[in-house]
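Remarks on the overall topology
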Amino acid sequence: MAAPAAAPAQPPPQTTLNPRTTSFEFAGPLGALGVTLITPLVTYLLYFGCNPSSGCPPALGSIPARISEAVSSPDFWASLWDGKAVAAYVAWYAFCVAAWAGIPGEWVKGTAMRDGRRKEYKINAFPTLLMATGFAVGQILRAGPEGFTFIYDHWVGLVSASVAMAVAQAAYVYARSFEQGKLLALGGNSGNFIYDFFIGRELNPSIGSFDIKSFNELRPGLILWFLIDLSMACKQYVLHGALTDSMVLVVLFHTWYVFDALYNETSIFTTMDITTDGFGFMLAIGDLAWVPFTYSLQARFLAFAPVQLGVLGTAAVVALQLAGYCIFRVANKEKNDFRNGKNPKHLTFMQTQRGTKLLTSGWWGRSRHPNYFGDLIMAVAWCLPTGFSTPITYFYPVYFAVLLVHRQHRDDEQCRIKYGKDWDAYCKIVPWKIIPYVY
């Protein structure tokens, strides 16, 4: 089923519609190049620095010799590429595309873009997740836990395949962004290849009605994260003959997050990733490689280093997770209700000169980004089941805090441009940026 076409009556001239980008993020092209190289590298390092063979982490004194030996060995470089893993990843991505095309779904409109159009998106990510879950559970029931350890056993090859897919997609959408009539991202039209390739030049690259950015945001990487966790749990059972309470918690928490995100698929269409950022290497590597292969670090660690929490430890971690989730979900519901003209809690707000309104009570009166606060609490809860034998499994909340502070600065800067003096007045009413009374 094709999405209904939507076109503005009189689009603005291209020079007005796609102005040249004059300000940079990530310290400009040099910073963008650094992140482009470092992101895949860190994804690999989290494996080589935390595995049953080398330790988690390896002995510090052995690291220089290990690195020197690896980079000088042709066998090491050859081991990064795994034909079976590549075939499996391509098949997985093809399954996601086929599910998007074949599973019926409602078409919904996104927010209005600069050219007056509102893109239409097919909503069927949750049924795709259910189908993938059915196949995975069926395989486990048919072949036992040992029949679903492929992801654990071919980890490095799958990472390489996902990185290759990200590079290929980023190159493809960058090349196509020069076609006539493309709507470019305001932040990705600098004219510098390195920067625009990383940030994303075209706002919403599509193939027909297939929107590449929103598809990658939820389906191939996020669902794969859930399947990776299942594979890690199966590997723990195969290696140790049982599942620990810590593994069960991690898998349940991640599953909850993934199922919730895909069930609420329409909520992503008001996020900066969709409305503001172009689709380039930054989002491609994040969606396809970073999310599934770094967010599952705790489950992979527990597969080879099981931890038992006990009743009290389990209860404490669950309570923290529930607190974070409630803040995250309630805050997002308050925002979405208000944007859709609903105010069931009778929240107070501030009227701006632009004609829009800013919430000043509820969770949005406690912090300008309360959903980020809930996210951070959940990030810590996901790591606590791994215990305290290694700092590496706590990489996620540290990275996530840096990411959210960066996003908060981006949000505030754009809002200051958008609302002017009204934003300064709003910040006096709601002074806390993410964590109430702390930051």
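Data block above holds the structure.
Quantities reported herein were computed from a predicted structural model and do not represent experimental measurements.

A few words on the side chain of Ser160. For Ser160, the position within the fold is in helix α8 (residues 155–176). Discounting residues that sit within four places of it in the chain, Ser160 has contacts with Tyr44, Leu80 and Trp81.

Another point: the packing of helix α5 (residues 83–102) against α8. Across the interface, α5 lies against α8 with an axial gap of 8 Å and an inter-helix angle of 55°. Taken together, the axes of α5 and α8 lie oblique to each other. Crossing of α5 against α8: the hand is right-handed. Facing Ala85, Val86, Tyr89 and Tyr93 of α5, the residues of α8 in contact are Gly157, Leu158, Ala161, Ser162, Met165 and Gln169. Among the residues making up the contact of α5 with α8, the classes are represented as seven nonpolar, three polar and no charged.

For the rest of this paragraph, the subject is the pattern of salt bridges. Evaluated as defined, the whole model comprises 15 salt bridges. With a shortest N-O distance of 2.4 Å, Asp277 and Arg410 are connected by a salt bridge. With Asp277 in the loop between α13 (272–275) and α14 (281–294) and Arg410 in helix α19 (residues 395–419), the pair connects residues that are 133 residues apart, well separated along the chain. Just as Asp277 is buried, Arg410 falls in that class too. Between Glu334 and Lys345 there is a salt bridge, with its nearest N and O atoms 3.0 Å apart. Of this pair, Glu334 sits in helix α16 (residues 310–339) while Lys345 sits in the loop between α16 and β5 (349–351); the two residues are eleven residues apart in sequence, bridging distant segments of the chain.

Let us now look at empty space enclosed by the protein. Left-over empty space is what a probe sized like a water molecule reveals as it rolls over the atoms. One pass over the full model with this rule turns up two cavities of 30 Å³ or more. Estimates place the volume of the largest cavity at around 80 Å³. Together, 14 residues line the largest cavity, and Trp100, Tyr121, Lys122, Ser214 and Arg219 are the ones closest to its centre. Secondary-structure elements contributing two or more residues to the lining of the largest cavity are β2 (120–123), β4 (210–211) and α10 (212–218). Sort the elements by how many residues they give to the lining of the largest cavity and β2 lands first, with three residues. Partitioning the lining of the largest cavity into residue classes produces seven nonpolar, two polar and five charged. Approximately 30 Å³ is the volume attributed to the second largest cavity. Tyr172, Val173, Arg176, Lys182, Glu202, Pro205, Ser206 and Ile212 together form the lining of the second largest cavity. With three residues, α8 is the largest single contributor of residues to the lining of the second largest cavity.

Turning to a nonpolar patch on the surface, a few remarks are in order. Among the surface-exposed residues, Leu30, Leu33, Leu37, Ile38, Phe193 and Ile194 lie close enough to one another that they form a single nonpolar patch of about 590 Å² accessible area. The element that contributes the greatest number of residues to the nonpolar patch is helix α2 (residues 28–48), accounting for four residues. Relative to the assigned elements, Leu37 resides in helix α2.

This part takes up the packing of aromatic side chains. Inspection of every chain in the model, using the stated rule, returns 41 aromatic pairs. Considering the side-chain rings of Phe388 and Tyr394, the 6.0 Å spacing of their centres and the 10° angle between planes classify their relative orientation as stacked. For Tyr394, a relative accessible area of 18% gives the class buried. Consider the rings of Tyr396 and Tyr399, whose centres lie 6.5 Å apart with planes at 45°: the pair is tilted. Separated by three residues within a single helix, Tyr396 and Tyr399 lie in helix α19, roughly one turn from each other. Put simply, the rings of Trp225, Tyr257, Trp290, Tyr295, Phe328, Trp382, Phe395, Tyr396, Tyr399 and Phe400 touch in pairs and so form one group of aromatic residues. Residue placement shows Arg201 over the ring face of Phe178; its charged tip is 3.9 Å from the ring centre.

Rules and cut-offs
- Residues numbered from 1 in each chain as written.
- Predicted model: local features only at pLDDT ≥ 70, side-chain atom pairs only at ≥ 80, totals over all residues.
- Heavy atoms only, no water.
- Helix = DSSP H or I, 4+ residues; strand = E, 2+ residues; numbered from the N terminus.
- Contact = heavy atoms within 4.5 Å.
- Axes fitted to C-alpha atoms, helices over the stretch in contact; angles between N-to-C directions.
- Parallel < 35°, antiparallel > 145°, perpendicular 65-115°, else oblique.
- Left-handed = near helix turned anticlockwise from the far one by under 90°.
- Nonpolar A, V, L, I, M, F, W, Y, C, P; charged D, E, K, R; others polar.
- Salt bridge = Lys/Arg side-chain N within 4 Å of Asp/Glu carboxyl O.
- Buried < 20%, exposed > 50% of the residue type's maximum accessible area, 1.4 Å probe, protein only.
- 1 Å grid on protein atoms, 1.4 Å probe; cavity = no way out; pocket = protein on both sides within 12 Å on 5 of 7 lines; lining within 4 Å.
- Points joined across faces, edges and corners; volume = space filled by probe spheres on them.
- Patch = residues over 30% accessible without salt bridge, like charges linked within 9 Å, V, L, I, M, F, W, Y side chains within 5 Å.
- Areas by Shrake-Rupley, 256 points an atom, 1.4 Å probe, with all protein chains shown as cover.
- Phe/Tyr/Trp six-rings, centres within 6.5 Å; stacked < 30°, edge-to-face > 60°.
- Lys NZ or Arg CZ within 6 Å of the ring centre and 35° of its normal.

By themselves these figures say nothing about function.
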